[in-house]
Amino acid sequence: MIQNLLDFFQTTGFSQLTGPMLLMWAIAGVLLYLAIAKGFEPLLLVPIAFGALIANLPTRGMITVEETAPGQFQSATFEMETEVVSTHRGEDGQIESQKIRVTKVEGGLFDFLSQGIKLELIPPLIFLGVGALTDFGPLIAMPRTLLLGAAAQVGLFVTFFSSSLFGFTSKQAAAIAIIGGADGPTAIFLSNKLAPELLGAIAVAAYSYMSLVPLIQPPIMRLLTTSKERKIRMKSLRKVSKMEKLVFAIMVMIICVLLVPDATALIAMLMLGNFLRECGVTERLVKSAQNEIINVLTIFLGTSVGITMRAESFLAPATMKIIFLGVIAFAISTASGVLMAKVMNLASPKNPVNPLIGSAGVSAVPMAARVSHNEGQKYDPQNYLLMHAMGPNVAGVIGTAIAAGYFISAFSG
Amino acid sequence: MILSPHLSQLPAQPSLSELLEFQATGLVVVVGALALLWFLLELTGAFFRRRTALPASVPVESAVPDDSINQGVVAAIAAAVHVTLQGRPHQITEIRATDANPTWAAEGRRDHFSSHRVR
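None of these values were measured; they are calculated from a predicted model.

### So, the packing of aromatic side chains
Inference 1: Tallying each qualifying case throughout the model produces 13 aromatic pairs over all chains.
Inference 2: Considering the side-chain rings of Phe160(A) and Phe22(B), the 4.9 Å spacing of their centres and the 40 degrees angle between planes classify their relative orientation as tilted. Here the residue Phe160(A) occupies a position in helix α9 (residues 154-165), and Phe22(B) occupies one in helix α2 (residues 16-51), the pair thus bridging two chains.
Inference 3: According to the relative accessible area criterion, Phe160(A) is buried, its value standing at 0%.
Inference 4: For Phe22(B), a relative accessible area of 1% puts it in the buried group.
Inference 5: An angle of 35 degrees between the planes, with centres 5.1 Å apart, marks the rings of Tyr406(A) and Phe22(B) as tilted. Taken together, the residues span two chains, with Tyr406(A) in helix α21 (residues 386-411) and Phe22(B) in helix α2. In this pair, the class of Tyr406(A) matches that of Phe22(B), namely buried.
Inference 6: Joined through ring pairs, the aromatic side chains of Phe157(A), Phe160(A), Tyr406(A), Phe407(A), Phe411(A) and Phe22(B) make up one cluster.
Inference 7: Directly above the aromatic system of Tyr379(A) lies the positively charged group of Arg230(A), at a separation of 4.7 Å from the ring centroid.

### A look at the interface of chain A and chain B
Inference 1: Listed per partner, the contact involves 45 residues of chain A and 35 residues of chain B.
Inference 2: Summed over both partners, the interface of chain A with chain B comes to about 3400 Å²; 80% of that surface belongs to carbon and sulfur atoms.
Inference 3: The largest per-residue losses of area from chain A upon contact with chain B belong to Phe157(A), Phe161(A) and Tyr406(A), which jointly make up 18% of the total buried on that side.
Inference 4: At the boundary of chain A with chain B, the tally comes to zero salt bridges.

### Considerations on a nonpolar patch on the surface
Residues and elements named next belong to chain A.
Inference 1: Together, Phe78, Met80, Val102, Val105 and Phe112 make up an exposed nonpolar region whose accessible area comes to about 430 Å².
Inference 2: Take valine 102: it is sitting in strand β4 (residues 95-106).
Inference 3: Assessed through its relative accessible area of 43%, valine 102 is described here as partly exposed.

### Observations regarding the packing of helix α12 (residues 199-211) of chain A against helix α19 (residues 317-347) of chain A
Helix-helix packing: each pair is described by the crossing angle between the helix axes and the interaxial distance.
All names here are of chain A.
Inference 1: Interhelical geometry of α12 versus α19 gives an angle of 35 degrees and a closest axis separation of 9 Å. For α12 against α19, the interelement crossing comes out right-handed. Of the residues in α19, those in contact with Ala201, Ile202, Ala205, Tyr209 and Met210 of α12 are Thr319, Ile322, Ile323, Phe324, Gly326, Val327 and Phe330.
Inference 2: Taken together, the residues of the contact of α12 with α19 sort by class into 10 nonpolar, two polar and no charged.

### Things to note about helix α6 (residues 122-133) of chain A
Residue pairs three or four apart in sequence face the same way in an α-helix, which turns once every 3.6 residues.
Residue and element names in this part refer to chain A.
Inference 1: Between its terminal C-alpha atoms α6 stretches 17 Å, which fits the 16 Å expected from 12 residues at 1.5 Å a residue.
Inference 2: Burial analysis of α6 places nine of its 12 residues in the buried class, the great majority of the element.
Inference 3: When α6 is considered as a whole, its buried residues turn out to be Ile122, Pro123, Pro124, Ile126, Phe127, Leu128, Gly129, Gly131 and Ala132.

### Some thoughts on the domain arrangement of chain A
Interface size is commonly expressed as the accessible area that is lost once the parts come together.
Inference 1: For chain A, the assigned domains read domain 1 (14-74), domain 2 (79-111) and domain 3 (115-411).
Inference 2: For domain 2 of chain A and domain 3 of chain A, the distance between their C-alpha centroids amounts to 42 Å.

### Brief notes about the confidence of the model for chain B
Residues and elements named next belong to chain B.
Inference 1: A residue-level look at chain B finds 71% of positions with pLDDT of 70 or above and a mean pLDDT of 76.
Inference 2: Here helix α1 (residues 5-8) is the element of chain B with the lowest mean pLDDT, 51, and α2 is the one with the highest, 91.
Inference 3: Per-residue pLDDT stays below 50 along residues 1-6; that stretch engages in nine contacts with residues further than four places along the chain or on separate chains.

### Considerations on the pattern of salt bridges
All names here are of chain A.
Inference 1: If you walk through the whole model with that rule in mind, you get 11 salt bridges over all chains.
Inference 2: For aspartate 135, the salt bridge goes to lysine 245, with nearest N and O atoms at 3.2 Å. Taken as a pair, aspartate 135 in the loop between α6 and α7 (137-141) and lysine 245 in helix α15 (residues 242-259) lie far apart in primary sequence, 110 residues in all.
Inference 3: Among the salt bridges present, the one from glutamate 283 reaches lysine 287, with a minimum N-O distance of 3.6 Å. A residue pair is termed a helical-turn pair when its members lie 3 or 4 positions apart in one helix, as glutamate 283 and lysine 287 do in helix α17 (residues 283-306) at four residues.
Inference 4: Overlapping salt bridges bring together Arg222, Glu375 and Lys378 as one network.

### Let's talk about the confidence of the model for chain A
Inference 1: Averaged over every residue, the pLDDT of chain A is 89; residues scoring 70 or more account for 97%.
Inference 2: At the low end of the mean pLDDT range in chain A sits strand β2 (residues 72-74) of chain A, at 64; at the high end sits helix α16 (residues 264-279) of chain A, at 95.

### Comments concerning the nonpolar core
Inference 1: Counting residues in hydrophobic clusters, the biggest one holds 121 residues, and the most contacted among them are Phe160(A), Ile398(A) and Phe407(A).
Inference 2: It is α21(A) that contributes the most residues to this core, 15 residues altogether.
Inference 3: Discounting residues that sit within four places of it in the chain, Phe160(A) has contacts with Ser170(A), Ala173(A), Ala174(A), Ala177(A), Phe407(A), Phe411(A), Leu10(B), Leu19(B) and Phe22(B).

### Looking at the side chain of Ser409(A)
Inference 1: Assignment of secondary structure puts Ser409(A) in helix α21.
Inference 2: Given a relative accessible area of 7%, Ser409(A) falls into the buried group.

### Observations regarding the pairing of β4(A)
Residues and elements named next belong to chain A.
Inference 1: Direction of pairing for strand β3 (residues 79-89) relative to β4: antiparallel, over a ladder of 10 bridges. Across the sheet, the residue bridging to methionine 80 is valine 105, located in β4.
Inference 2: Counting the residues between successive antiparallel strands, the hairpin from β3 to β4 contains five residues, one of them, glycine 93, with a positive phi of roughly 85 degrees.

### So, the side chain of Thr186(A)
All names here are of chain A.
Inference 1: Tracing the backbone shows threonine 186 in helix α11 (residues 184-194).
Inference 2: Look at threonine 186 and you get buried, because its relative accessible area is 0%.
Inference 3: Not counting chain neighbours up to four residues away, the residues in contact with threonine 186 comprise Phe127, Ile178, Leu266, Thr400, Ala401 and Ala404.

### Quick word on the environment of Val296(A)
Inference 1: Turning to its location among the elements, Val296(A) is positioned in helix α17.
Inference 2: Once the C-alpha coordinates of Val296(A) and Arg222(A) are considered, the two residues, 74 residues apart in sequence, prove to be 39 Å apart.

The rules behind these values
- Residues numbered from 1 in each chain as written.
- Chains lettered and ligands numbered in written order.
- Predicted model: local features only at pLDDT ≥ 70, side-chain atom pairs only at ≥ 80, totals over all residues.
- Heavy atoms only, no water.
- Phe/Tyr/Trp six-rings, centres within 6.5 Å; stacked < 30°, edge-to-face > 60°.
- Helix = DSSP H or I, 4+ residues; strand = E, 2+ residues; numbered from the N terminus.
- Buried < 20%, exposed > 50% of the residue type's maximum accessible area, 1.4 Å probe, protein only.
- Lys NZ or Arg CZ within 6 Å of the ring centre and 35° of its normal.
- Contact = heavy atoms within 4.5 Å.
- Buried area = accessible area lost by both parts, 1.4 Å probe.
- Salt bridge = Lys/Arg side-chain N within 4 Å of Asp/Glu carboxyl O.
- Patch = residues over 30% accessible without salt bridge, like charges linked within 9 Å, V, L, I, M, F, W, Y side chains within 5 Å.
- Areas by Shrake-Rupley, 256 points an atom, 1.4 Å probe, with all protein chains shown as cover.
- Axes fitted to C-alpha atoms, helices over the stretch in contact; angles between N-to-C directions.
- Left-handed = near helix turned anticlockwise from the far one by under 90°.
- Nonpolar A, V, L, I, M, F, W, Y, C, P; charged D, E, K, R; others polar.
- Expected span 1.5 Å × (residues − 1).
- Domains from an automatic or database assignment.
- pLDDT = per-residue confidence, 0-100.
- Core = buried A, V, L, I, M, F, W, Y, C linked by side-chain atoms within 4.5 Å.
- Pairing = 2+ DSSP bridges.

Right, here's the structure in full:
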């Protein structure tokens, strides 16, 4: 009987538990704590942490893992069995084309869900929802804030440089650099394309820092501005008509796609969502994009990212480097946005911008804008910067998508 | 996008000068794209601002002041009209009581009731 029990034990998951797995449980626990108790980006961190927990359990039928290189594990791989139905040969006897029938497909639940990331479906679809939720009015009313969104991308390129010096390959460095854009779906989109082996670490770093915006940005903002600058009151934004918003969506899509076709999926879906919102005749579609579509996809995106966090690949020195480089990217993006606002004030002293809104050039919509507003109110409680900060905030989303398109153009060939 | 062979062939471990050139090019692309959008938005903004510009207002002197209406009521009506018309250009030329017209009262009641879940 004891032998039978021992044999049974060998069939249970307990016998397959390892130390690194338990360490990953602790990391998942920390992420859950941050999300639930501290309220840090709970919509993403909860599914990511739960996915990480699943990935580090001896599951069966949920995830198929393949070792692509020694020590490198890749999930979301399913196996297909096929049979040749017909073959067409050329005159020289070489096979020109074959008709194949799929007879069997094997894979776990998350293998199939993760195809949404591998095939680059989920991040653009989340952008559809983001577009449906975003009001570009403040940006249209004050288009010069596009420069603040552009300046905040400096952090990306400086981090690309630093990551290369840290020993990452060019593709990996580009994927890490995009953390500075503080745009989760874009970070996932790019890292899946250029460095899928780092997807888990990059996603966790990106979302963690996005949630830590209220802690990371204010000290940098205070360091780079004077008390007088923080009290600058900006002119009220003009009202933007519906037609102007519709023209904006179409114009931005055309310009961005012409400039960086590799960012088409992100930009086109962002602007489609926004067009649906502003046209006023597709209320049901907008509601779906703002709620059901983005919510369902967020669950799948989070858990699919989480299951890439297997102990074997996540507990590596590279992860610590990514976490470090991510915060550098974030800090530089914040600082360059604030400094650009100061430069703009030198160029246009009669119509100054409050430099605090420069930090909102990192995407992190709308948290970065809220941080600018709250910081401004600490020095002048009657100063309402929120709508002014939304301009650079949404400009940052467009800027990060263009930067991602640039990286893809350069490396995906 | 078809980049120049030089840019598309950035090696896995590039040299310092290659890195600097690559990131400078990237910055120019991003800043250039957003600057172009800024320029186009200024153009379209100027067009739409001119299109929605208010017509020349009637001089105040021409309006007939009516002391029987409280100025606070006039301000409240003007604000309500502004909100209802969602900021579209308008001019209030006359304010007068409508005899026994229950439309606004009925609309107010409907709005009030529709804000509750009727059990």
